Structures are given as structure tokens and as C-alpha cells.
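Results of the structural survey
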Amino acid sequence: MSVKQLRTEEMLINMGPQHPSTHGVCKLVIKMDGEEVKYIQPHVGFLHRSIEKIAENRNYPQFVPYTDRIDYCASMNANHAYVVAAEKLGDVEIPERAEYLRVIMAELNRIASHLVWLATFTIDLGAVTPFLYAFREREDILDLFEMTCGQRLTYNYMTIGGVGWDIPKEFEPKLRQFLKIFPSRIDDYEDLLTNNPIFLHRTKGVGVLPKETAYEYSVSGPSLRGSGVKWDIRKAEPYSIYDKFDFDIPIGTEGDAWDRYKVRLQELRESAKIVEQAIDGLPGGDFKKKVPLTWKPPEGEVFCRIEAPRGEMAYHIISDGTPKPYRMKIRTASFCNLQVLPIIGVNHMIADLVAIFGSLDIILPEVDR
Amino acid sequence: MLELRPIFDAIGEFLNSILPEFWVTIVSAFGTGAIILGVASVFVLFFVWWERKVSAHMQQRYGPMRTGWHGWLQTIADGVKLLQKEDLIPRDADKLVYLFAPVVCFVAAFLAYVTIPFGEGLIVQDLNIGILYIIAITTFTVVSLLMAGWASHNKWSLLGGMRSAAQIISYEVPLSLSLIGVIMIAETLSMVSIVVQQEGWFWNWYVFRQPLGFIVYYIAATAEANRTPFDIPEAEQELVAGYNVEYSGMKWAMFFFAEYINMLTISAIAVTLFFGGWHAPAPFLDFIPSWIWFVGKCLLSVFVLMWFRWTYPRVRVDQLMAFAWKFMLPLAFVNIILTGFGIYLF
Amino acid sequence: MELGVFYILAAVIVVSGLLVVTLKNIFHSALMLILCLFGVAGIYILLHADFLAAVQVLLYVGGVTILMIFAIMVTHQLTGKKIKHYNEQPVPAGLIILSLLILLIVSITRTAFEVADKAEPMPTVAVIGRALMTDYVLPFEVVSVVLLVALIGAIVIARRD
Amino acid sequence: MDSESLLKYVQEEYSERIIGGEMVKGVPVFEVKPEKWVSLCGMLRDDSDTMMHSVSNYTAVDYREKHGGFKLVITIFSHILNHRLTLETLLPAKDDEIPEIETLATVWPTTIWFEREHAELFGIEFINHPDPRHLMLDDDWDEGYPMRRGWTGTDFVVKPDK
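Residues numbered from 1 in each chain as written. Chains lettered and ligands numbered in written order. Predicted model: local features only at pLDDT ≥ 70, side-chain atom pairs only at ≥ 80, totals over all residues. Heavy atoms only, no water.

1. Some details on the overall build of chain B
Under the convention used in this document: The secondary structure listing takes helices from DSSP runs of H or I that are at least 4 residues long and strands from runs of E that are at least 2 residues long, numbered from the N terminus. Only the C-alpha atoms count toward the radius of gyration. The rule for a globule is 2.2 Å times the residue count to the power 0.38. Residue burial is assigned from relative accessible area. The probe radius is 1.4 Å, only protein chains are included, and a residue is buried under 20% of its type maximum, exposed over 50%, and partly exposed in between. The criterion used for residue contact is that any of the two residues' heavy atoms lie within 4.5 Å.
Looking only at helices and strands, chain B features twelve helices and zero strands. Start at the N end of chain B and walk to the C end: the helices and strands fall as α-α-α-α-α-α-α-α-α-α-α-α. At 21 Å, chain B has a C-alpha radius of gyration in line with the 20 Å of a compact globule built from 346 residues. Along the three orthogonal principal directions, the C-alpha set of chain B runs to about 60 × 55 × 45 Å. Here chain B holds 346 residues, and the buried ones make up 55% of them. Look at the contacts in chain B between residues 6 or more apart in sequence, and 77% of them connect residues 24 or more apart.

The structure is reproduced here in C-alpha cells:
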């Protein structure tokens, strides 16, 4: 037996498509030297439904339900991005109440989405209990959504010209009660995780994303803010009525998984603040402006982006004056954020790779569309 | 009063009166084996249900509620399901090793019960080397995990097997050393003698003379039993399920069974060596049978292990190693030195 | 009954020992080695050397062979099933084995085995411990130093790349 | 920089690289010469007055009927200066032709995946692309380019493993 035969070798492993920590169907081809990951190549497209092609064959208002399916954890935000873009394309003025309702729903959905992230991230690190704690609060939000639009996952709530339904009477007391207990629940998560030495060891210095790399790969959302970039489209290019609310943009310093965790936890508090301001200032009046099914925007194109829970979500719609879009490009945050994984994930243990994947908050239908 | 010893003595006398000596040995060996198997199985069934309930209540949910009162039949229902499941063997698996791995794991988990005193006089064989025997025999578990990891012909399994080997070898050292303090004070390796020395009030328990030793033991034992936060060999989120990823049906159940048995084993050792074994915390509580005290203490310890599992995240494999060699091992040595000074001074 | 147990253990040791050297798969060989060493521990128990038996299992099964298996797993080439045992120098190996065999036979036949009385098994741990710390303290420490040197050497070799 | 001055600035500084620029819904949009596509992008990234170091969106549009080719549209922005602009370039192509253009991956690595997507869905070849595999579609996809207009889909049949 020669020395060459005894040499340790890199092991090629398919992590996914069926793997508990790839958050959907993503395949990571990784090369491992012992426990250390030396090379990562993501394979996506397992969920490709060609929503952009579908868009070319649907009327504008008909397309809203499809946007739900782009990001099933934050359907409201995906709705919001689409309707804002479409309204900008057709210069549709919408009632103020609709704007407020949209903001309330979008921010609630941001909270729900971050809670799902928190849940899955902690479960990636092996802690199961915070998972259910986070889902407990998400349940309250889903109850609010169900009360409003009858759906718990894909809401189809926002329409071009407003929102589909007004909120019922019992919505506001329930929301206020939720807002009252929610900060203490965030404190619960922090008690469980923030000061836990194992959690600290698993996240500090893991998957450091430098600012420059984040720029190059167009990383957006909390993952970018974790690297210390104060960039939030709600502040930088205010859409809807976000300029009316007072909230902070939390940022990190090092750009590691810990910073991304802290930023998201802080965003939970900020979003709750926005929701509180919005429900306080909710005006009366109409909640929707009638837009016909065969709505025809003028010829032209529009590019509009919003801050979704995972980062920048943008719609580039090109209209040729017919009721159907000529071309619709959907830019999603996870698509760009996932690209950075092979850069920041190498030379880490496989357990860290899972943590980094989790901390980036990738959602695969958003990547594949 | 409700002590079980007289019952077993009566059975022994009865056997002696009707059978020759050779057959008495055989029958009693198989009989005790069957009793231990039965009792341990009941414990495992209970633990599985209990862990579900404990985790559920820690996570603000109910856990199983439908099968039986508060779901107590759930584990049995699961067992029936597992029995019916198709028994898959991967095509490229090393069949013989693959088949034997769960058996070795199962047997190794039970072998430790030879020297555990469940109550006053309730011990299969009070070996002179009691503790050493248990430490030695539990290493067979790691052999089985290696066999499973290697034979499954799956890279995740292989990684899990390697991790478990590295982990258990590392934690074996502080585990063994942490018990030396107790052995030094007790001046014996026999489990029964150690328990007898802790008679009386609860401050006679060795945990009050060996707090450091107990802490090191308990952490190392958690790691030996592959419980969170040290469950890296199976780490569902990283290695899918580690060494048992390819196992299904009853083979998988045997690994599962062994894990819960090991949980009881490490609790029983902790109770025997540090918490006075079958003794009541105060002499006036002696009217309660000894085996109830022992089982009660074990259950409390198992509950603490479950509490760990449902609270902590999992550590990383290199952190696990560093913790074993850089923290636990020195602590175990410090404990031995302190114990030595203590014995010299008092 | 003891004789029966002895023959069973002896059969296990001999068969597993033979399999260690004849099996084509190095992983199986390692497993057989564990069985063999476990059988030897059984013999120790028969001889009332219970401490030795426990140490045998603890060190050889729990430590040495597991490390061997670990090394087999890490070296990717060995995890395949096509490992062949082959001898590059059969003649010197045969000579050494032959001389060893002769040595063993001579020493076995020349020793006068005294049959001990049926003495009760004694706690051996304290005796062994005392002997190691008084009469045999020098060999004990020398062995420790040798092991330490081996450990450092292994680390140095492993660190080279 | 606000949009008006950005429009003016780019028109003046890079006049030889662009065909024209205009304001569309408050955002400057420039038509770029295809051969200057990569160099202009690199300059806009490195210019300390524009600092376009991030890509917001990168898309391809099938304009074969209207303009006789494919358009690449990239929206770039600066986190620091908080402005954005859109660049467009037309790649002439008729019918089943596959137009070619230099890859942008050297300027912004994030465009690697965007270009992989455009390559497989639109049939645009990116020269010197570092990773020219399919992104969304199967590796052995040979049913045409789905995002091209007029592609109506194929009767999808599950092929048996070879």
C-alpha cells in the first residue's frame, strides 16, 4: 500500500435537493476536506415555474396571485412590489386608506417573515425550541391576515388600485393586543439566544460578508445591513407612504451571522413600531379604486423596487399598451444573496455552512421564480 | 415493605429447590436478562412519550394528545408503525455490517445494566470493578455507530460515524477521569459499596464532596450519549441524520432505543456515584422503598437531560473537541488533585 | 462449565484472529480485531483478572481499534471494497513467523504450568495500583514517556503538510 | 446626485459611448453602444462621481419584432450616493439568431447568474462568461429558448433515463 493511497482526500457531497437545511429545494455541491468545506456550487432551478413567462399571458390584475407564489413567506411584500410598480406604470392614484392598509400588512408580513427566518435559523443551529416560539407569534399575524383576506399563506390581498378587502372590526383590537405583547416576546427570544454562549460561538465570526463583497454581489436587505451598510429602500427611495413613519435602520458592524441575526431582531421591533404608527394614523374613506380586469396601462416601461423582508424586490414591467405586459422581469433579493454563499461559505465547517445559509435568509421560490 | 429483594430471593430459593445448580445459573441469567430488557423497554417507552411531552410543554404546545390519555399510547403506536415499515437495505451497503450495527448498539446499551444497583440488593452482579466495567462496555456503542456509518455507504453516514468516533473517544477521557475523585474517596470500584458509603442524610452524597467531578461527568456523559448540545454525530440539520440516515423500521428503532437506554444509563451512574443511589435524602424517609428513590432520581436526571436538549443550540464539531480537551480534561485533572489534597488533609 | 466457556472463547479468538489476516476488506478486519480482543478479555475474566479484562476492553476496543477504524474512514482510498492484501516479501515474513512459532512452542512446552487452587477471586485493582506505584514505578513512567514521545511524533508528522 | 444632474453628467462625460439618454419616470435611461457596453459599465462603477457599485436589476427583452433584436437593460445604483440609472443596449438578431455580447461578470460578479439566466431563456451568448452552464433549466434542455416571444412550450414528456 503506497503513501498516495493513504492520503486523505476531498469528499464531494451533494447537499440537497432534499436536505433539511437548504430551505426548500436547492442543491449545494460541496467539496469537503474532513469537516471543512473547500468549495461550494449552488444548483438552483428546481422550483422554476417561469412566472415571468406566465406574466406575459395574463392581464395585469390577474397576475397578483402569481406574485404570492414568488415569496411564500412574505406574500404581502411581493404583492406590494407588484402593485406599486403597476400603479406607477399606469399612474394610478390610490386612496390613502389603502396605502395605510398596505403598509400595515407589509410590515406585519415582514415580521412574520423574519419570525420564520428566526425559527429556521435557530433550528439550523440545532435549537428547536425558539422555532416554536417564533411560530407562536407568527400564528397571531396569520390570524390577522386570515381575518382580513381569508388566506394564511398566499394572500392575494393587494390589488392594482388599492387593497382587496377592508379590515374587519375585530382586526384593530387584536392587532393592538399583538403589538402590546410582541416586544416582550422578542425579549424572550433574546433571552434564549442572544446571551447563550453556544449561540454566540456558533454565529460570531461565521460567514463574514465584507461590505465590498456585498456591493459586488448586490446583496440587499438585512444581510447587507448586517455588513454595516445603512441602506434601506424604505428610507433611500421611499415608496408608498413610508416617508410618513418614524423608524430606524439597524445595522451591524462585522457582517457575520451574528450581525445579521441582530439586525433582523431589531427590524422586528422597528416594523412593530411602523405598524403601530400606521394603525394610529389609519384614515377613513375608500380602500380601493376600481381598476377593470382589462386595465390597459399606457405604453412604456417602469422599474420599481421595494424593500422586502429579504431585501430588494423589484419589478421591471414593459407595457405595449395591451392588457397584458410585454415583458416582466422580477428581481428578487434571494437571487443575488444566494450568489454570495460560495464566497463567504468556504473554509468553514459544514455546520457553519448551514448556519451561513440560514443567516442569509434564502428562500428558493424567490430564486427560481 | 415494598422492597423487591425478598421476592427475588424467594424465586431464587424456589429455583434452587427444583433444579440442579447448573440450570439455576442458566435460568437466572436468562431471567434477569429478560427482566432488565422488559424494565428498560418500559422505561424507553415512557421516556419517548415523556420527552415529547416535556419538549411540547417547553414549546408551549401539547404534544401527543389523541392516542390514549394525553397520548400515552403514542409510543406504542409508533412502535407498531415501525414494525410494519419496509426494512430497506441500500444497494451498495455492506450488508452484514449494516445488519449487525444496530444489534451491537442495542446489546452494548444493555450490557451496562449488569452492575447498576436499582435498589437495595437489586443488582445483577456486584463486580469488583463495577465503574470500570461500565466505562469499558459503553465504548461498544461507538463501534456500532462506526459500523453503521461505514456500512451504509452514504457520505453523510460516514461523516456521522467519523464524528461520533472522534467525539466519544475525546469525551471518554474526561468522563473516566471525572469518576476517579469518587473512587479515591470511596476506595472501591464496586457500585454497591459506593452507594453504601453514601448512607444517611443527603449531605453524605458524593455530589457535595465532588461537585467539580459531577459537573465534568454530567457534561461528558451528555456528550457520550449524543444528546444536544453535543448531538453532532446525528445533527439533523447538517448531516441529515448522521450514521442512521439509511436505517428504517426496526433497525432504526434499535438505535433509537439504545439512545434512550444510554440516557437512563448515564443517569443511573450519576445517581449511583453522586446522589446516594437508592438512599433516601433523609433517614426518616426510608419507609419509601429504595428502588423508588433510585428510579425517581434517575427520572429527575433524565428530565435535566431533556431540558438541555430543548434549550441549547448544537455546538460545532471543532468547538466540541476544543471543549473536551482544553476545558473538561484540565478540569478533571484539577478535580483529582483537589480530591487528593482533600483526602490528605482530612 | 468454565471449560466450556473457555473453548467457546478460544474458538472465537482463533477464528476472528484468522479472519483479521485473511479478510479482503480492511474495515472488516478491524471489526474482527475488536471481536478477537474482546474474546481475550473474556479469557481474562475466566482467570479472575477482571481489572485486566476491563482495561483490555477500554483501551483496545474503546481506544486503539476505534482509532484504527477512524483512520480507515478518513483515508478515502481504504473505504472502497477492493482493497487487496498482498505480500511483497513473503520469504522474510515467513521466516520471522516460523521463528516466532518455534519460540512460542518451545516456551510453552518448557514452562511448568502450576495449577492454582480454586482460590476465591480477589479484588485485584488495589494490588495492581500499589505495585505500579511502588515496585514498578520506573517501568511505568518509562512507558508513559514512550507514549508521550509517540504522541508528539504523531503530531509532528501529521502537521507536516 | 439627483436624477437631472446625473443625466446631464453621464451625457457629457460618456457621450462617445452612449447613443442617447432621456428621463423615464424620474430615472435616467441611456442607450449604450453594444461594443462599449462593458467599458461604460466599468467606468460608471469606478467613477467617483457615480460609484455605481451595485446592480439592482439586469434583464433582457425580446424586441426582435419592434427593434430587430434583443435589448439588455441593466439598472445600477450607488448605496453611497443614493442614485440610480438604467442602461440599455440593443443586440441585433433576427429569428433564431443568437446574438453575442461581452460578459459583464468582470464588472459586477452578481451579473453571472443573471447572464446565465438570459443565456438559457433568451438565447443570448455572453462571451468570456466564467460559468456558462444552465441556471434554471435542465442541463440537457434542448427545447429552445422559453422566454423568447412566440415560444409556446413543448409537449413536455418525461424522458426515460439513458
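2. Quick notes on the packing of helix H12 (residues 257-280) of chain A against helix H15 (residues 350-360) of chain A
All names here are of chain A. The criterion, for reference: Note on definitions: angles span 0 to 180 degrees between N-to-C directions of axes, and those axes are lines fitted to C-alpha atoms, for helices only across the stretch in contact. An angle below 35 degrees is treated as roughly parallel, one above 145 as roughly antiparallel, one from 65 to 115 as roughly perpendicular, and anything else as oblique. Left-handed describes a crossing whose near helix is turned anticlockwise from the far helix through less than a right angle; right-handed describes the clockwise counterpart.
Their axes nearest at 9 Å, the elements H12 and H15 cross at an angle of 30°. The angle between H12 and H15 falls in the class roughly parallel. The chirality of how H12 crosses H15 is left-handed. Residues Ala-257, Arg-260 and Arg-264 of H12 form the contact with H15, whose participating residues are Ile-356, Ser-359 and Leu-360.

3. Digging into helix H8 (residues 211-224) of chain B
Residue and element names in this part refer to chain B. The cut-off we apply is this: The span expected for a helix works out to 1.5 Å for each residue beyond the first.
Taking 1.5 Å of rise per residue, the 14 residues of H8 would be expected to cover 20 Å, and the 20 Å separating its terminal C-alpha atoms lies within 8% of that figure. Taken as a whole, H8 has its buried residues at Gly-213, Phe-214, Val-216, Tyr-217, Tyr-218, Ala-220, Ala-221, Thr-222, Ala-223 and Glu-224. Elements that come into contact with the buried residues of H8 comprise helix H5 (130-151), helix H6 (155-186), helix H10 (249-274), helix H11 (290-309) and helix H12 (317-345). Following H8 by one or two positions, Asn-226 adopts a phi angle in the positive range, close to 60°.

4. Some points on the nonpolar core
For clarity, the cut-off: Take the buried residues of types Ala, Val, Leu, Ile, Met, Phe, Trp, Tyr and Cys, join any two whose side-chain atoms come within 4.5 Å, and each joined set is a nonpolar core.
Counting 282 residues, the largest nonpolar core has A:Tyr82, A:Tyr315 and D:Leu87 as the members making the most contacts within it. No other element matches H5(B), which puts 16 residues into this core. A:Ile318, A:Tyr326, D:Val61 and D:Tyr63 belong to the second-largest nonpolar core, a separate cluster that totals five residues.

5. Description of a negative patch on the surface
Where we set the bar: For patch detection, residues must exceed 30% relative accessible area and be free of salt bridges, and they are connected within 9 Å for like charges or within 5 Å for nonpolar side chains (Val, Leu, Ile, Met, Phe, Trp, Tyr). In this description, accessible areas are obtained by the Shrake-Rupley approach with a 1.4 Å probe, and a residue is regarded as covered only by the protein chains that are shown. Salt bridge, as used here: a side-chain nitrogen of Lys or Arg that lies within 4 Å of a carboxyl oxygen of Asp or Glu. Positive: Lys, Arg. Negative: Asp, Glu. His and the chain ends are not part of the count. Lys charges are placed at NZ, Arg charges at CZ, Asp charges at CG and Glu charges at CD.
A contiguous patch of negative charge on the surface is contributed by D:Asp138, D:Asp139, D:Asp140 and D:Asp142. Looking at the secondary structure, you find D:Asp140 in the segment after strand S7 (125-127).

6. Topic: the sheet that holds strand S1 (residues 11-15) of chain A
Threshold: Only when DSSP finds a minimum of two bridges between them are two strands counted as paired.
Read from one edge to the other, the open sheet built from four strands follows the order S1-S2-S3-S9 (chain A), with strand pairing classed as antiparallel. Either end of the sheet is taken by a strand with one partner, and the two such strands are S1 and strand S9 (348-349) of chain A.

7. Quick word on the pattern of salt bridges
Side-chain pairs of opposite charge can arise whenever the charged atoms involved come near each other. Residues and elements named next belong to chain A. Summed over all chains, the structure comprises 49 salt bridges over all chains. Glu-107 is the partner of Arg-110 in a salt bridge, and the nearest nitrogen-oxygen pair spans 3.1 Å. On the criterion of helical spacing, the pair formed by Arg-110 and Glu-107 is a turn pair, its members being three residues apart in helix H5 (residues 96-124). With relative accessibility at 0%, the residue Arg-110 sits in the buried group. Among the ionic pairs, Asp-232 bridges to Arg-234, the shortest N-O distance being 2.8 Å. With respect to burial, Asp-232 and Arg-234 carry one shared label: buried. Each of Glu-107, Arg-110, Arg-225, Asp-232, Arg-234, Glu-267 and Glu-307 takes part in salt bridges that share partners, so that together they form one network.

8. Focus: the environment of B:Ser55
Residues and elements named next belong to chain B. Mapped onto the elements of the fold, Ser-55 is located in helix H2 (residues 21-58). We classify Ser-55 as buried; its relative accessible area is 3%. Remark: the alpha-carbon pair of Ser-55 and Met-306, spanning 251 residues in sequence, is separated by 7.6 Å. Discounting chain neighbours no more than four positions away, the residues touching Ser-55 are Arg-61 and Trp-310.

9. Structural notes on the pairing of strand S7 (residues 311-319) of chain A
Residues and elements named next belong to chain A. Burial within S7 is extensive, with nine of its nine residues counted as buried. With nine bridges connecting them, strand S6 (residues 300-308) and S7 associate as antiparallel partners. In the strand pairing of S7, Ala-308 is matched with Gly-311. In textbook terms, the turn of a hairpin is the stretch between consecutive antiparallel strands, and for S6 and S7 this stretch comprises two residues. Summarising the sheet, S7 and strand S8 (residues 325-331) pair through six bridges and their orientation is antiparallel. Looking across to S8, one finds that His-316 is bridged to Lys-329.

10. Notes on the arrangement of the chains
In this assembly, four pairs of chains are in contact, and the pair contributing the most contacts is chains A and D. With no contact between them, chain B and chain D keep their nearest C-alpha atoms 19 Å apart. Between chain C and chain D there is no contact; the minimum C-alpha to C-alpha separation amounts to 26 Å.

11. Some words on the interface of chain A and chain D
Heads up, the condition is: Buried area is a sum: the accessible area each of two parts loses on coming together, probed at 1.4 Å, counted once for each and added.
Counting residues at the interface gives 42 residues for chain A, matched by 43 residues for chain D. Between chain A and chain D, the buried area comes to about 3,700 Å², and carbon and sulfur atoms account for 52% of it. Our count for the chain A to chain D interface comes out at five salt bridges. Between A:Glu299 and D:Lys66 there is a salt bridge, with its nearest N and O atoms 3.4 Å apart.

12. Section: the side chain of B:Thr339
Residues and elements named next belong to chain B. Quick reminder of the rule: Polar contact is defined as a pair of N or O atoms within 3.5 Å, subject to the rule that within protein one atom must be able to donate a hydrogen and the other to accept it, and that residues adjacent in sequence are counted only when both atoms are side-chain atoms.
As for its position among the elements, Thr-339 is in helix H12. Among the residues examined, Thr-339 registers a relative accessible area of 6% and is labelled buried. A polar side-chain atom of Thr-339 sits 3.0 Å from a polar atom in the side chain of Gln-210. Setting aside chain neighbours within four positions, we find Thr-339 in contact with Gly-181, Met-184, Ile-185 and Gln-210.

13. Remarks on empty space enclosed by the protein
Keep this limit in mind: Only protein atoms enter the 1 Å grid used here. Points where a 1.4 Å probe fits but cannot escape make up a cavity, open sets with protein on both sides within 12 Å along at least five of seven lines make up a pocket, and a residue lines them when an atom lies within 4 Å of a point. Grid points are joined across faces, edges and corners, and a volume is the space filled by probe spheres set on the points.
Counted by the stated rule, this structure contains four cavities of 30 Å³ or more. The calculated volume of the largest cavity comes to roughly 180 Å³. Mapped onto the lining of the largest cavity, the elements with two or more residues apiece are H5, H6, H8 and H10 of chain B. Its volume calculated, the second largest cavity comes out at about 130 Å³. Lining of the second largest cavity is provided by A:Lys88, A:Glu301, A:Val302, A:Phe303, A:His316, D:Val24, D:Lys25, D:Val27, D:Val29, D:Arg84, D:Thr86 and D:Glu88.

14. Quick notes on the packing of H5(B) against H6(B)
Axes are the key here: two packed helices are described by the angle between their axes and the distance separating the axes. Residues and elements named next belong to chain B. Keep this limit in mind: Just so you know the grouping, Ala, Val, Leu, Ile, Met, Phe, Trp, Tyr, Cys and Pro go in nonpolar, Asp, Glu, Lys and Arg go in charged, and all remaining residues, Gly too, go in polar.
In contact at an axis separation of 8 Å, H5 and H6 are set at 175° when each is read in the N-to-C sense. What the angle tells us is that H5 and H6 run roughly antiparallel. Of the residues in H6, those in contact with Ile-131, Ile-135, Thr-139, Val-142, Leu-145, Leu-146, Gly-149 and Trp-150 of H5 are Ser-157, Leu-158, Gly-161, Ser-164, Ala-165, Ile-168, Glu-172, Ser-176, Leu-179 and Ile-183. Of the residues belonging to the contact of H5 with H6, the class tally is eleven nonpolar, six polar and one charged.

15. Overview of the sheet that holds strand S4 (residues 69-78) of chain D
Residue and element names in this part refer to chain D. The strand order across the open sheet formed by five strands is S1-S2-S5-S4-S3, and the pairing between neighbours is mixed. Since the sheet does not close on itself, it has two edges, and those belong to strand S1 (18-24) and strand S3 (54-63), each with one partner. For this sheet, the mean angle separating the axes of adjacent strands, direction not counted, is 20°. Summarising the sheet, strand S2 (residues 27-32) and strand S5 (residues 83-92) pair through four bridges and their orientation is parallel. Residue Val-32 lies in a different strand from S5, and its bridge partner there is Thr-89.

16. Details of the confidence of the model for chain B
Detailed reading of the predicted model is not advised wherever pLDDT is low. All names here are of chain B. As a reminder of what qualifies: Scored from 0 to 100, pLDDT records how confident the predictor is in each individual residue.
On average, chain B scores 82 in pLDDT, and the residues at 70 or more come to 99%. Taken element by element, chain B is modelled with least confidence in helix H9 (residues 236-239), mean pLDDT 72, and with most confidence in H8, mean pLDDT 87. Both confidence scores are given for the complex: pTM 0.82, ipTM 0.77.

17. Looking at unusual backbone geometry
The backbone phi angle of A:Asp91 is positive, close to 50°, even though this residue is not glycine. Positive phi is not limited to glycine here, since D:Asn82 has a value of about 50°. Along the chain, the position of D:Asn82 falls in the loop between S4 and S5.

18. A short note on helix H6 (residues 129-149) of chain A
For H6(A), spanning 21 residues, the distance from its first C-alpha to its last is 30 Å, which sits close to the expected 30 Å at 1.5 Å a residue. Just downstream of H6(A), A:Gly150 is the residue with a positive phi angle, here 80°.

19. Focus: the state of the cysteines
Test applied: Cysteine sulfur atoms are paired as a disulfide whenever they fall within 2.5 Å.
Tallying each qualifying case throughout the model produces zero disulfides over all chains. In this structure B:Cys298 is not part of a disulfide, and its nearest cysteine sulfur, from B:Cys105, lies 20 Å away.

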